[in-house]
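Coordinate inspection notes
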Amino acid sequence: MVSSALDSLQNFSFRKDSDEILPDPDSVHVAVSKEDWHDEVLSIVVVGASGDLAKKKTYPSLLKLYEENLLPKELTIYGYARSSKTHEGLRQHLYPHLIKTGTSEHIVNSFLERCFYYSGKTYGDESAYTSMIGDLAKFESTSESTVANRLFYLAVPPNVFGESGMVIKKIGMATTGWTRLVIEKPFGHDLDSCNELLKTLSDDFDEECLYRIDHYLGKEVVQNMILFRFSNPIWEPIWNRKSIESVTITFKENIDTNGRGGYFDKFGIIRDILQNHLLQVLTLFAMEPPENDDADSIRDAKVEVLKNMEIISLDDCLLGQYDGYSDDSTIENKDTNCPTYAALRCWIHTPRWEGVPFILQAGKALDEKLCEVRATFKPAKTLASVQSVSKKIEPSELVLRLQPNPAIELHNNTKIPGLSTSPMKSKMTMSYEDIPDLSNPDAYTRLLLSVMRGDQGSFVRDDELRRSWEIFTPLLHAIDDTGVRPLPYKPTSKGPEERVKWMEKMSKATSPLQSSL
Ligand code: NDP
Ligand code: BG6
């Protein structure tokens, strides 16, 4: 299985005779300055290379980095899984997914020549690892560089993280460079399982080696949040309870569980989207200015938000399930109470946010695909002429739209042009679509680059993860233990009808701390 990997790599020459230009190994994309690791050897091992994530996200993102000259010249990518495949078999398996990215066939083929496949009996198979890592080490030894780095991407279910980690620790660690592990969610099911999972890898690896991916942290608008907020001083005076009435973070999908019902029914929308993706966005929106711009300062500031967040209870929550959800043949429990829609109200007890309701809502099989943060400002109190106009003055809003059509919008009232003195809603928009020649890489592409650069700022730290489960576990257990029934809603609707009144009530409510003052 492994024999020809090194030979074919050694015979590989980067430039081929062709009219088409291959990535120039000596040039690095302007957006990223050349860093030491570009001149070092890099071996990437995709553990679970036969799976869905690997073909849909991991390899296509690596291809994009390769196409943009963002990977080292001396690069090789090893796939590992239990399924039996040849190197060529893996390449054929990946090809349609790579070509779909729009990258030219020539570059795809050049990339695939660097991809190899190894199989083992289990994810902890020492003999298979010895053979793969032996070849990897031979590849490293042919390099002029004295530093060889190794990145292991765990694209496997969490039940095999432990055995994968152990064998990597025993056989796979780099001796002259860094070793980093990328891990995919779900990072547990509740606080206890999260703690177990954290322990599984922390016994063998320091936190600095572990990169827990939440792909929402790689989306352009999310990556922009810190810079947008802290580099424009106009925001700081109004980014607080004095000016903001409520903040709503919405995730909507117009697809249902899409054949993943078996997986989804064990998790539900709160574990799938709210406890991770939306909570990450909330912490970036709500955090205090970090002391520095390094990864730990950013994550310290996010953890501070979580520490000050109240534990969520069932009373803070509206649950829904779309009609026909359990018709999915992969769902065993036809009487399941798994929520496919949830809206939650959260409180953050800090001087900045005391009394401001943060509403998180997410749903599958809704009317549209959308993800946005909407800060609603307090109503205008002054200006007699404004108060006297008959038309209702709408509150101003700041909208950060992650998808579709990423944009930052400020919704304001302006006078209807002409003789009228009545107000109309207007928008000041920064749309990413209007930026010429914009390159908007996939979230995974950005995050993989961050791993190689050793930038952990966009990855979830252990204490952050633990606290996020502390906030959500009582609610999740209450849903499981009480068997509470979610409200029904029609697929393609906006969610349960009751949500309109719930939202109105929750976004005006006072926090328990405020009402006890
Ligand atoms: P898959 O179910 O496709 O699993 C990946 C590979 O792992 C499979 O090809 C299989 O390889 C092996 N595998 C599967 N189940 C088991 C098992 N029970 N025991 C041992 N090995 C197993 O998963 P995905 O690729 O979809 O996801 C990988 C990880 O990424 C998961 O943790 C998932 O939750 C997470 N994730 C996935 C997303 C996606 O879009 N797919 C999105 C976000 C996160 P073989 O049999 O060849 O060993
Ligand atoms: C994943 C969830 O983490 O995010 C999926 O498991 C969801 O259920 C997906 O569809 C949404 O990601 P995106 O980037 O398409 O918004």
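Residues numbered from 1 in each chain as written. Chains lettered and ligands numbered in written order. Predicted model: local features only at pLDDT ≥ 70, side-chain atom pairs only at ≥ 80, totals over all residues. Heavy atoms only, no water.

An unreviewed UniProt entry lists the protein chain under the name Glucose-6-phosphate 1-dehydrogenase, with Fragilariopsis cylindrus CCMP1102 given as the organism. As its UniProt record puts it under Pathway (unreviewed entry), the protein chain is described as follows: "Carbohydrate degradation; pentose phosphate pathway; D-ribulose 5-phosphate from D-glucose 6-phosphate (oxidative stage): step 1/3." (UniProt positions renumbered as here; feature names shortened; annotations may be inferred.)

**Observations concerning the layout of surface pockets**
Estimates place the volume of the second largest pocket at around 770 Å³. In this structure, the second largest pocket is lined by 26 residues; those nearest its centre are T248, R374, E397, M503 and S507. Elements supplying a minimum of two residues to the lining of the second largest pocket: β7 (244-252), β11 (370-377) and α14 (499-508). Among the elements that make up the lining of the second largest pocket, the one with the highest residue count is α14 (6 residues). In terms of residue class, the lining of the second largest pocket is built from 7 nonpolar, 6 polar and 13 charged. (1 Å grid on protein atoms, 1.4 Å probe; cavity = no way out; pocket = protein on both sides within 12 Å on 5 of 7 lines; lining within 4 Å. Points joined across faces, edges and corners; volume = space filled by probe spheres on them. Helix = DSSP H or I, 4+ residues; strand = E, 2+ residues; numbered from the N terminus. Nonpolar A, V, L, I, M, F, W, Y, C, P; charged D, E, K, R; others polar.)

**Quick notes on the site of ligand 2**
Surveying the vicinity of ligand 2 reveals the residues K185, H215, Y216, K219, F251, E253, R260, D272, H277, K364, K369 and Q403. A distance of 2.8 Å is found between an oxygen atom of ligand 2 and a side-chain nitrogen or oxygen belonging to H277. Bound to the protein, ligand 2 loses 79% of the 400 Å² it would expose on its own. In terms of residue class, the shell around ligand 2 is built from 2 nonpolar, 3 polar and 7 charged. Here the shell around ligand 2 spans two domains, and each of domain 1 (2-216) and domain 2 (217-509) adds at least three residues to it. (Near = heavy atom within 4 Å. Polar contact = N/O pair within 3.5 Å; in protein donor to acceptor, adjacent residues only side chain to side chain. Areas by Shrake-Rupley, 256 points an atom, 1.4 Å probe, with all protein chains shown as cover. Domains from an automatic or database assignment.)

**Here's the deal with the packing of helix α10 (residues 295-307) against helix α13 (residues 462-482)**
The interhelical angle for the contact between α10 and α13, taken along N-to-C directions, is 15°, at an axis separation of 10 Å. As far as their axial angle goes, α13 and α10 are roughly parallel. For the crossing formed where α10 meets α13, the hand is left-handed. Where α10 approaches α13, its residues R299, K302, V303, L306 and K307 are matched on the opposing element by D463, E464, R467, S468 and I471. A class-by-class count of the residues in the contact of α10 with α13 yields 3 nonpolar, 1 polar and 6 charged. (Axes fitted to C-alpha atoms, helices over the stretch in contact; angles between N-to-C directions. Parallel < 35°, antiparallel > 145°, perpendicular 65-115°, else oblique. Left-handed = near helix turned anticlockwise from the far one by under 90°. Contact = heavy atoms within 4.5 Å.)

**Description of the packing of aromatic side chains**
Per the counting criterion, the structure on display carries 18 aromatic pairs. Aromatic side chains Y211 and F459 sit 5.0 Å apart centroid to centroid with 80° between the ring planes, which places their arrangement in the edge-to-face category. Of this pair, Y211 sits in strand β6 (residues 210-213) while F459 is found in the loop between α12 (443-453) and α13, placing the two residues 248 residues apart along the sequence. For the pair Y211 and F459, a shared accessibility class is recorded, and that class is buried. Ring geometry for W235 versus W239: centroids 6.0 Å apart, planes at 75°, classification edge-to-face. Of the two residues, W235 and W239, neither departs from the other in class, the shared state being buried. Members of the aromatic cluster, each reached through a chain of ring pairs, are F228, W235, W239, F285, W353 and F358. Above the face of the W178 ring, R180 is positioned so that its terminal group lies 3.8 Å from the ring centre. (Phe/Tyr/Trp six-rings, centres within 6.5 Å; stacked < 30°, edge-to-face > 60°. Buried < 20%, exposed > 50% of the residue type's maximum accessible area, 1.4 Å probe, protein only. Lys NZ or Arg CZ within 6 Å of the ring centre and 35° of its normal.)

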